[in-house]
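Listed below, chain by chain, are the residues.
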Amino acid sequence: MPTPVLVSTRAELVEALAERRGRGQQVGLVPTMGALHEGHGALMETARAAVGDGPVVVSIFVNPLQFGAGEDLDRYPRTLDADLELCGAHGVDVVFAPSVAEVYPGGDPQVTVEPGPLGSVLEGATRPGHYRGVLTVVAKLFGLVRPDVAVFGQKDYQQLVLIRRMVSDLCLGVEIVGAETVREPDGLALSSRNRYLSAREREQAVALNRVLRRAISDAGLGPDSALGAGRAELRRANGVDLDYLVVTDPDLGPAPAQGEGRILIAARVGTTRLIDNLPIHLGAPSPTRTSPNDTEGDS
Ligand code: PAF
């Protein structure tokens, strides 16, 4: 696999894409904060499938605007060499890894993207300003890269829903693809933050996925029975400090009594905050599930 072109300025980015954009090729973007793992690899493959021969760009930028006071901005892992290798292995053409000054040349922006009511519930309730920071940087990345298609993981489902909403409300003209969460064989969702877990915490963390699957298997009588089953599973788990376990509709509105929904969990394991979610079918027996990975579907 050829090594991707690494660019760090806006001018270099424009130049790296100019010739292929000029030939009418579609541009795919995978926005990331680095510390890449095979979950990101799957996003890159999804972008490749979407743009065919067109260039796939991965942005690597730890965005200060989406971190609150006391969050892990300074200790967020920075692993550029390994990231480039993974991008190369997945056929990425361009890696855009700008500095903070390149993205925010005037310091904190005066104009930002307000996420609306959905930005202050679930993750937004414990991370005030987080989704304002996410949407603002994603809008900037769209302006800089000018992608036709952008791929985001379903793991941060609230982020995916908000980005879709931003693109629709602000008519940004970028196709958003939500890619399924990639999991360890025992069901733990891949996350850059998993590297903070001790061996014991890593074992405990798998409870998040168990809780979701247990709830899904008891969803036949509706959201309340699903949540009851999930909570029962949670009581059997050690070392998992629950923040929320909720069932919603696919757009994160109130859960329907019957039909398609989403179940989301956030919990602290040790000092690490983890999130996970899955689609849930409410009000009718779910098909038999056999593995931690076979309950996903596109959003
Ligand atoms: O999901 C992430 O890694 C980040 O929130 C994103 C979308 C790259 C914006 O900084």
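The following paragraphs examine the structure supplied in this document. Predicted model, so just to flag it, every value in this text is computed and none were measured.

1. A short note on the overall build of the protein chain
Stage number 1. Counting its regular elements, the protein chain contains 10 helices and 9 strands.
Stage number 2. Seen through its C-alpha atoms, the protein chain measures out along the principal axes to roughly 55 × 40 × 35 Å.
Stage number 3. Going through the 299 residues of the protein chain one by one, you find that 53% of them count as buried.
Stage number 4. Counting contacts in the protein chain only where the partners sit at least 6 residues apart, residues at least 24 apart contribute 72% of the total.
Stage number 5. Carbon and sulfur atoms form 52% of the exposed surface of the protein chain, whose accessible area is close to 13,400 Å².
Stage number 6. Where the 29 positive side-chain charges of the protein chain centre and where its 38 negative ones centre are 3 Å apart.

2. Things to note about the sheet that holds strand S9 (residues 272-282)
Whether parallel or antiparallel, the strands of a sheet pair through hydrogen bonds between backbone atoms.
Stage number 1. What the 3 strands build is an open sheet, ordered S7-S8-S9; its pairing is antiparallel. This sheet does not close on itself; its edge strands, each paired only once, are strand S7 (240-248) and S9. Averaged over neighbouring strand pairs, the angle between their axes works out to 15° when direction is ignored.
Stage number 2. Sitting on the sheet, helix H9 (residues 207-217) touches S7, strand S8 (259-269) and S9, and the angle it makes with S9 is about 15°.

3. Points about the nonpolar core
Stage number 1. Formed by 40 residues in total, the largest nonpolar core has its most connected members in Leu13, Val57, Val138, Phe142, Phe152 and Ile176.
Stage number 2. Within the residue set of this core, elements represented by two or more residues are helix H1 (10-22), strand S4 (94-96), helix H6 (130-145), strand S5 (149-153), helix H7 (157-169) and S8.
Stage number 3. When residues in this core are grouped by element, the largest group, 9 residues, is from H6.
Stage number 4. The residues touching Phe152, leaving out its near neighbours within four places in the chain, are Pro31, Leu43, Val138, Phe142, Gln159, Leu160, Ile163, Ile176, Val177, Gly178 and Ala179.

4. Regarding helix H10 (residues 223-235)
Residue pairs spaced three or four apart in an α-helix point in one direction, given the helix's 3.6 residues per turn.
Stage number 1. Over its 13 residues, H10 runs 18 Å from end to end, which matches the ideal 18 Å to within 8%, given 1.5 Å per residue.
Stage number 2. When we look at burial in H10, the residues that qualify are Pro223, Ala226, Leu227, Ala229, Gly230, Ala232, Glu233 and Leu234.
Stage number 3. Lining the buried residues of H10 we find H9, S7 and S9.

5. Some points on the environment of Ile263
Stage number 1. For Ile263, the location among the structural elements is in strand S8.
Stage number 2. Along the backbone, Ile263 and Pro250 are 13 residues apart, and their C-alpha atoms lie at a distance of 9.0 Å.
Stage number 3. Apart from the residues within four sequence positions on either side, Ile263 is in contact with Leu212, Ala215, Ile216, Leu245, Val246, Val247, Asp276, Asn277, Leu278 and Ile280.

6. Looking at the site of the ligand
Stage number 1. Surrounding the ligand, one finds Pro31, Thr32, Met33, Gln66, Val134, Val137, Phe152 and Gln159.
Stage number 2. At 2.6 Å, a side-chain N or O of Gln66 approaches an oxygen atom of the ligand.
Stage number 3. Residue Gln159 places a side-chain N or O atom 2.7 Å away from an oxygen atom belonging to the ligand.
Stage number 4. In the complex, the protein chains occlude 85% of the 280 Å² of accessible area that the ligand would expose alone.
Stage number 5. Because more than half of its atoms lie within 2 Å of the grid, the ligand is assigned to the largest pocket.
Stage number 6. For the shell around the ligand, the secondary structure elements donating two or more residues are strand S2 (28-32) and H6.

7. Considerations on empty space enclosed by the protein
Stage number 1. In the structure shown here, the tally under the stated rule is 2 cavities of 30 Å³ or more.
Stage number 2. Of the voids in this model, the largest cavity is the one considered here, and its volume is about 60 Å³.
Stage number 3. In this structure, the largest cavity is lined by Glu123, Lys155, Asp156, Tyr157, Gln158, Tyr244, Leu264, Ile265, Ile275, Asp276 and Asn277.
Stage number 4. Where the lining of the largest cavity is concerned, the elements lending two or more residues are H7, S8 and S9.
Stage number 5. Tallying contributions element by element places S9 first for the lining of the largest cavity, with 3 residues.
Stage number 6. Class assignment for the residues of the lining of the largest cavity results in 5 nonpolar, 2 polar and 4 charged.
Stage number 7. There is about 40 Å³ of room inside the second largest cavity.
Stage number 8. Around the second largest cavity, the lining residues are Lys155, Leu188, Ala189, Ser191, Asn194, Leu208, Leu274, Ile275 and Asp276.
Stage number 9. By residue number, the principal contributor to the lining of the second largest cavity is S9, which donates 3 residues.

8. A few points about the side chain of Asn63
Stage number 1. Along the chain, Asn63 turns up in the loop between strand S3 (56-60) and helix H3 (80-89).
Stage number 2. Taking the relative accessible area as the measure of exposure, Asn63 reaches 1% and is therefore buried.
Stage number 3. A polar contact of 3.0 Å, which involves the side chain of Asn63, links it to the backbone oxygen of Gly133.
Stage number 4. Beyond its immediate stretch of four places on either side in the chain, Asn63 contacts Met33, Tyr104, Gly133, Val134 and Val137.

Conventions and cut-offs
Residues numbered from 1 in each chain as written. Predicted model: local features only at pLDDT ≥ 70, side-chain atom pairs only at ≥ 80, totals over all residues. Heavy atoms only, no water. Helix = DSSP H or I, 4+ residues; strand = E, 2+ residues; numbered from the N terminus. Buried < 20%, exposed > 50% of the residue type's maximum accessible area, 1.4 Å probe, protein only. Contact = heavy atoms within 4.5 Å. Areas by Shrake-Rupley, 256 points an atom, 1.4 Å probe, with all protein chains shown as cover. Lys, Arg positive; Asp, Glu negative; His and termini not counted. Charge placed at Lys NZ, Arg CZ, Asp CG, Glu CD. Pairing = 2+ DSSP bridges. Axes fitted to C-alpha atoms, helices over the stretch in contact; angles between N-to-C directions. Core = buried A, V, L, I, M, F, W, Y, C linked by side-chain atoms within 4.5 Å. Expected span 1.5 Å × (residues − 1). Near = heavy atom within 4 Å. Polar contact = N/O pair within 3.5 Å; in protein donor to acceptor, adjacent residues only side chain to side chain. 1 Å grid on protein atoms, 1.4 Å probe; cavity = no way out; pocket = protein on both sides within 12 Å on 5 of 7 lines; lining within 4 Å. Sits in = over half its atoms within 2 Å of the grid points. Points joined across faces, edges and corners; volume = space filled by probe spheres on them. Nonpolar A, V, L, I, M, F, W, Y, C, P; charged D, E, K, R; others polar.

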